[in-house]
Amino acid sequence: MWGTKLRYSISLASLWLLLLPAAGICQTSRTAAYFVRAALRAESPRQAVTYVDKACQLAVGRQQYKAAADYRFQLSSAFFDQSYYMDGIRQAQLGLELARTYNVTDDTLSFKYYSLLASIYSRLTMNDSARYWYHRSEQLLQARPRLVRLIPDYIEAYYYNKGSYAMRLGDQEQAAAYITKSVEMVSKTGNKRSTALSYLQLANYHFSVHQYRQAGIYYQDALNDFSPEAVDACWGYALLGNCYRAGGQLAEGLRLLQFSQKKYEQLVSQQQSAQDYDFEFESSYYRGKCEQRMGLSEDAIHSYQRCIQTYRRLYGSKGELIAASWTGQAEIAFTRKQYGAALKLVQQALLSASVLFADNNSGMNPSSDDIKAGKALYEALHLKGRIWFGIYSKTQELNALNKAIDTYGVALNVAQRIRRSFTRLESSYFFNESIHPCVEHALEAFSEIQSQPQAIQQHAAVFDLLQSYQAMGMADALHEKTVRHETIPASVLQQEQTLRQQLVAVETQLINQPAGRNQSQLLIRVGDLKRALYFFEDRLAHQYPRYYELKYTSRQLPLPVLQQKLDNSTAYLSYFTGERFLYGFLVSRSRVVMFRRVMTPAYARAVTELHQSLSINPGMFDYEGRPAANRLFDYLIRPIESQLTGIQRLIVERDGQLANIPFDVLEATGQPEAYLCKRLALSYSYSAKLTFSDTIPARPFRPISFAPYSEDSSWRDKKHGTLALLRNSAAEVKQVGGDIFLNAQATKSAFLRRMSQATLIHLATHATADDAHPEASSINFYPNTPDSLLRSLEIVNLPLDQIRLVVLSACSGNSGLLRKAEGILSMARAFRLAGCPTILTTTWSAHNQSTSQQVNLFYKHLHEGLPADRALQQARLDFLASPASQKWGHPYYWANFTLIGNPDVAFPATSPSISWIVISMLALLSIGVGFVYLRSRSHSGSQPDTPADLPAID
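Summarised in this report is the structure supplied together with it. (Residues numbered from 1 in each chain as written. Predicted model: local features only at pLDDT ≥ 70, side-chain atom pairs only at ≥ 80, totals over all residues. Heavy atoms only, no water.)

**Quick look at the packing of aromatic side chains**
Reasoning step 1: Summed over all chains, the structure comprises 44 aromatic pairs.
Reasoning step 2: Each ring, one from Y264 and one from F279, has its centre 4.7 Å from the other, and the planes form 40°; the classification is tilted. Here F279 lies in helix 15 (residues 277–293) and Y264 lies in helix 14 (residues 250–270), a separation of 15 residues in the sequence. Here Y264 and F279 have matching classes, each one buried.
Reasoning step 3: Following the ring pairs from residue to residue traces out a cluster consisting of F111, Y134, Y158, Y159, Y165, Y178 and Y534.
Reasoning step 4: We note R136 situated over the ring of Y114; from NZ or CZ to the ring centre the distance is 4.5 Å.
Reasoning step 5: We note R531 situated over the ring of Y159; from NZ or CZ to the ring centre the distance is 5.3 Å. (Phe/Tyr/Trp six-rings, centres within 6.5 Å; stacked < 30°, edge-to-face > 60°. Helix = DSSP H or I, 4+ residues; strand = E, 2+ residues; numbered from the N terminus. Buried < 20%, exposed > 50% of the residue type's maximum accessible area, 1.4 Å probe, protein only. Lys NZ or Arg CZ within 6 Å of the ring centre and 35° of its normal.)

**Focus: unusual backbone geometry**
Reasoning step 1: Cis geometry marks the peptide bond from Y782 to P783; its omega dihedral reads -10°.
Reasoning step 2: Positioned with a positive phi, T125 is a non-glycine residue whose angle comes to about 50°.
Reasoning step 3: Looking at the secondary structure, you find T125 in the loop between helix 6 (107–123) and helix 7 (127–143).
Reasoning step 4: Judged by its relative accessible area of 10%, T125 is buried.
Reasoning step 5: Positive phi, normally seen in glycine, also occurs at E673, with a value near 65°.
Reasoning step 6: Mapped onto the elements of the fold, E673 is located in the loop between strand 4 (649–653) and helix 30 (676–679).
Reasoning step 7: With relative accessibility at 46%, the residue E673 sits in the partly exposed group.

**A few points about the pairing of strand 4**
Reasoning step 1: For strand 4, the buried fraction is high: 5 of the 5 residues fall into the buried class.
Reasoning step 2: Of the two faces of strand 4, the one lined by R649, I651 and E653 and the one lined by L650 and V652 are each fully buried.
Reasoning step 3: Relative to strand 4, strand 1 (residues 570–577) runs parallel, the two sharing 5 bridges. In the strand pairing of strand 4, L573 is matched with V652.
Reasoning step 4: Of the strand pairs in this sheet, strand 4 and strand 5 (residues 681–684) are connected by 4 bridges, and their pairing is parallel. Bridge pairing in strand 5 links V652 to Y684. (Pairing = 2+ DSSP bridges.)

**Topic: the nonpolar core**
Most often, soluble globular proteins have nonpolar side chains that are buried together.
Reasoning step 1: Judged by nonpolar contacts, the single largest core of 169 residues is most densely connected at Y219, I387, L562 and F585.
Reasoning step 2: Among the nonpolar cores identified, the runner-up in size contains 64 residues, and L582, F595, A868 and A884 belong to it. (Core = buried A, V, L, I, M, F, W, Y, C linked by side-chain atoms within 4.5 Å.)

Interpretation note: all reported values are geometric properties and have no functional meaning in isolation.
Next comes the structure, spelled out in structure tokens:
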């Protein structure tokens, strides 16, 4: 996206202005000024360099070394502005060499050089060099903060360009941090053009995260401030047209793109110095994309070719937009089923998007670490895989199918390397969603090959593919956490942890505080801390090469290793939901089964109906989800039912909307209440790697429990409202044992102070899932104030590696925003990111009394030494066999608890205490008379239900 180079819009005239003060001092300076005027009239970069060389020689002769170095910088900047990038690099290198030779120590000049080189290299997509110079720039800025006061325009340009660079790499969170700082600095200057460029950059950011409406508003704001007779306005119209194209308004998009190019041609015809080659090839590319979507194939090919020709004159044959233009033409040929032509064109895209790859043979692919333009390389490889699959579909040639599979594999490896370069999970979430179609196409190719003789060998490849996709962001975060501890000294990691804690504290304050003047200051502080953290992480990569190397090393859990970890009674079941098919993959110790089902409207309706029937309080109404549960059993379990003989424990890796469905309630048609949980001990997994890659060490049973709202005195707060009383929570935590914190003792500070001493955490309290902002989801402690909330963003940064099990006995602990390739961004997930391997929590609003009884039964069996999944299954069976099922037989009351993570978590068996026996007997005897006092776990307190004799339940 455009915007980088204009922030260094310094013409050769700047050289003349620079010399004016010296022109009257001596003959030498006047001669230097003459050479600069000659450079201004030069017809080529070579002539300009010749004249500036002479000006520098004169300055050096007068021992004006800083002035000579400044001349080189100004010429380098001018070359950058005029798109002579290699000439700009050469002048910058000469200027730095001159400064070193004559010991010119000037921080302002050094920063100008570093940041300019970073911008040039990023424009050339020479990413290693760009990262190096951005690191040097940030290092100097951190060490010399006074530079912000001395050269504010250059500092603002640096933030602007660093944001553009991060945006091109796909790291949207980092881009936002730098763009925000640039906008903050520009707002203080009042410069109209700088303000317009800031609007443009904000628009580019919103465009990159697919917020096209907001992007269009900012593009229009930029156009309002640009001079209509400048190339700036041409850029504005082109980018607005591309925004309309991306948003589906194709005709309007094409009209604006055509208008921008026509206006540009008129400007250049009147003033040759207005020529901007970057505008020429970028606008041609945008126009080609729009024409292609409109079905104007020949026009699109012409636009793409024009982009390629212009790009080659500037940058050569390698780079992002030239690769994307080749890919665009290949897509047109592919759509026409001209597979041979499509392969040749996409091979050109691969050549352009990689650094060293130079093979024109369509059967060859670049290495996944040979990346010049990452996104363009991934998209070209994905398309090439589709082309090979198209050839297979037409000819049934097995060779073409194998090439499709190989190419998809390289594409996904490239995507993995891109993803791991991001510094914040939020950026990887957005990128991961774009990988979903490639995974689906790869699975379709794998499923085709299952009928071939070598199908058995392909099972491991299919499994690796699925595991590389599921919960990618979480897997990367935990992988990097492990690598850091292996390669970086503890003292350095503590510095980083301190910085993260400061950031989390300010972000939490920002969430808790209502909008106001102070909020803007908090936002600025958040941005400052994020940039400091980005710099710190960048410094780690430079100072600890082993960390950088291992960060990009994949650590999958191979299929044979998983099979060894499964005993004869346990199976692992993984799903992938695509647009056309649902794929299932069953692994046991002795066999592997892959199956595929067509995605139908009936399936989607069944998922929706079952979820609604389970998650909404039924009151006294009968269970209506059985038909949907029957259909989903036939769809999800029936294909592998015969393979489950002898299996007693099933670990399910859900995908897509299945993440909201407890498999416990699935039942075969004609067998009412033959729930799957009665046959199998069920647990759920983010991925096999996250579930089994680490061995859980044996640790003593040291529980710590919190129940802030078990008494009337603990839940009323005039200022912050009322929370429902949780009458059974005191008995619940007493059943757990260990250190117990009730009511006023159950504070957030007590939890943070004591959590490191425990191996099990039990929280019997209220919780709120925030779907719009998952990081703001919260768990309530005493008292009911914003400061007493434990937010998800805080949980993620807690040191919970010593915790073996978290039981979140609260509403919606596994509820939240659903993201492709990641699952539900829930509080349970936050605990997993913090290091806890197993979490037991709820999927919808918790019913106080039935939840507490199940918790008591769960701990009874956990104390007997059962692993967590068997303890939960036995608790359910006990509950369904007790008189409780007469009142609460609806799955809403008993199917809510979800066990996520390693199901083998267990503690040494202990003898049941008299107190537990008494509590259990009283709990069961109280069912008949106690349910009239049911309370919900909502934040709004008790409300009448329908029918009127039942209390409200979340």
